[in-house]
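Spelled out, the chains give:
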Amino acid sequence: MAGLDNILAKIKDDAEKQADVIVKEAEAKRENIIASGKDKGRKAVYQILRTTREDRNNILMRASSQAKLKARDMIITAKQSKIDEVLNKVLHELDNLSEEEFINYVKNNLKEINLSEKDVIDVPKKYREAIKTANLGVTVSDKDVQNGFKLHKDNVLYNGDFESILESSREDLEKDLAEELFDN
């Protein structure tokens, strides 16, 4: 039975050698898999970091842009408020013209119009007597207006109301005031 023992020993020896080769191949595959996994992990980490940086930069850019827009809007609002304040002061000053200044204002605005006694002018109550004594060649009505004047000539109404004039000129006035006040 020595031959059988030799065959069994040979089979066992070949099996052990083959097992060693399989184990070495498995270990090599395991090392490759681990290395590949580490490489994929590094790539995934790099991708995550890159995406995170891009997201962070995008968020910072949007926040900065929003902050700039908000600051710009606040400046525009403050400037508009200042312009409104100036226009309100102008209206207040116009509402408080002296009688002489008011008469000159009416005369200057009516000098191009051919006036007659049948033309009727409405003025604020506080200027009514002064306008009557100024002899402008028109009839002064007892109808009050808030400020300025209104001239009724035939079927035409000439509106010299301060608020209306300011409102119709507002766009140009705002531009001029912005240039004057804010050095634009």
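Predicted, not measured: the structure shown is a model, and the values here were computed from it.

K.L.:
What am I meant to see in the overall build of the chain here?
P.N.:
Scanning the chain from N- to C-terminus turns up five helices and four strands. Going from N to C terminus, the chain has its helices and strands arranged as α-α-β-α-β-β-β-α-α. Taken against the 2.2 N^0.38 rule, which gives 16 Å for 184 residues, the C-alpha radius of gyration of the chain at 47 Å runs more than 25% over that of a compact globule. Along the three orthogonal principal directions, the C-alpha set of the chain runs to about 155 × 35 × 25 Å. Relative to its 184 residues, the chain shows a buried fraction of 19%. For the chain, the share of sequence-separated contacts (at least 6 apart) that also reach a separation of at least 24 residues comes to 57%. As presented, the chain carries roughly 14,100 Å² of accessible surface, and 54% of it is formed by carbon and sulfur atoms. Of the side-chain charges in the chain, 32 are positive and 37 negative, and the distance between the mean point of each set is 10 Å.

K.L.:
Mind showing me how you'd approach the packing of aromatic side chains here?
P.N.:
The relative placement of two aromatic rings is captured by the distance of their centres and the angle of their planes. Under the definition given, this model contains four aromatic pairs. Ring plane angle 5 degrees and centroid distance 4.0 Å describe the contact between Phe102 and Tyr127, whose orientation is recorded as stacked. Of this pair, Phe102 sits in helix 2 (residues 99–110) while Tyr127 sits in the loop between strand 1 (120–122) and helix 3 (128–133); the two residues are 25 residues apart in sequence, bridging distant segments of the chain. Linked through ring pairs, Phe102, Tyr105, Tyr127, Phe149 and Phe162 together constitute an aromatic cluster.

K.L.:
Mind showing me how you'd approach the nonpolar core here?
P.N.:
Here is a general trend for soluble globular proteins: nonpolar side chains tend to be buried in one another's company. Grouped together as the largest cluster of nonpolar side chains are 24 residues, with contacts concentrated most on Phe102, Val106, Ile121, Ile131 and Phe149. Apart from residues no more than four positions distant in its own chain, Ile121 is found in contact with Val106, Leu110, Ile131, Val138, Thr139, Val140, Ser141, Phe149, Lys150 and Leu151.

K.L.:
Help me out: how do you make sense of the pairing of strand 4 (residues 156–159) in this one?
P.N.:
Two elements, strand 3 (residues 150–153) and strand 4, share four bridges in a ladder whose sense is antiparallel. Within the sheet, the bridge partner assigned to Lys153 lies in strand 4 and is Val156. Taking the residues that link successive antiparallel strands as the turn, the strand 3-strand 4 hairpin has two residues, and the phi of Asp154 there is positive, at about 55 degrees.

K.L.:
Help me understand the sheet that holds strand 2 (residues 139–140), please; the structure alone is not making it clear to me.
P.N.:
Whether parallel or antiparallel, the strands of a sheet pair through hydrogen bonds between backbone atoms. Strand order in the open sheet formed by four strands is 2-1-3-4, and the pairing between neighbours is mixed. Edge positions in the sheet fall to strand 2 and strand 4, since each has one partner strand and no second.

K.L.:
How do you make sense of a negative patch on the surface when you look at a structure like this?
P.N.:
Residues Glu171, Asp172, Asp176, Glu179, Glu180 and Asp183 make up a contiguous surface patch of negative charge. Summarising the element assignment, Glu171 is placed in helix 5 (residues 170–182).

K.L.:
What is the right way to look at unusual backbone geometry in this model?
P.N.:
Note: most peptide bonds trans; most residues except glycine with negative phi. You will see that Asn135, though not glycine, has its phi angle at about 50 degrees, which is positive. Its place among the elements puts Asn135 in the loop between helix 3 and strand 2. Of the residues examined, Asn135 reaches a relative accessible area of 65% and is grouped as exposed. Here Asp154, not a glycine, exhibits a phi torsion of approximately 55 degrees, which is positive. With respect to the secondary-structure elements, Asp154 resides in the loop between strand 3 and strand 4.

K.L.:
Quick question: what am I supposed to make of the environment of Val90 here?
P.N.:
With respect to the secondary-structure elements, Val90 resides in helix 1 (residues 2–95). On a C-alpha basis, the gap between Val90 and Phe182 in space is 18 Å, while along the polypeptide they are 92 residues apart.

K.L.:
Before we go on, may I ask you to explain the pattern of salt bridges in this structure?
P.N.:
A side chain with one charge may pair with a side chain of the opposite charge, provided their charged atoms come close. Within the structure shown, the criterion is met by 11 salt bridges. Residue Asp39 is joined to Lys43 by a salt bridge in which the shortest nitrogen-to-oxygen separation is 3.5 Å. Linking Asp39 with Lys43, this pair stays in helix 1, spanning four residues, or about one helical turn. Overall, Lys43 belongs to the exposed group, its relative accessible area being 54%. A salt bridge links Lys89 to Glu85, with the shortest nitrogen-to-oxygen separation between them at 3.6 Å. Here Lys89 and its partner Glu85 are both found in helix 1, four residues apart, which amounts to about one turn of the helix.

So, how was this worked out
Residues numbered from 1 in each chain as written. Predicted model: local features only at pLDDT ≥ 70, side-chain atom pairs only at ≥ 80, totals over all residues. Heavy atoms only, no water. Helix = DSSP H or I, 4+ residues; strand = E, 2+ residues; numbered from the N terminus. Rg over C-alpha atoms; globule rule 2.2 N^0.38 Å. Buried < 20%, exposed > 50% of the residue type's maximum accessible area, 1.4 Å probe, protein only. Contact = heavy atoms within 4.5 Å. Areas by Shrake-Rupley, 256 points an atom, 1.4 Å probe, with all protein chains shown as cover. Lys, Arg positive; Asp, Glu negative; His and termini not counted. Charge placed at Lys NZ, Arg CZ, Asp CG, Glu CD. Phe/Tyr/Trp six-rings, centres within 6.5 Å; stacked < 30°, edge-to-face > 60°. Core = buried A, V, L, I, M, F, W, Y, C linked by side-chain atoms within 4.5 Å. Pairing = 2+ DSSP bridges. Patch = residues over 30% accessible without salt bridge, like charges linked within 9 Å, V, L, I, M, F, W, Y side chains within 5 Å. Salt bridge = Lys/Arg side-chain N within 4 Å of Asp/Glu carboxyl O.

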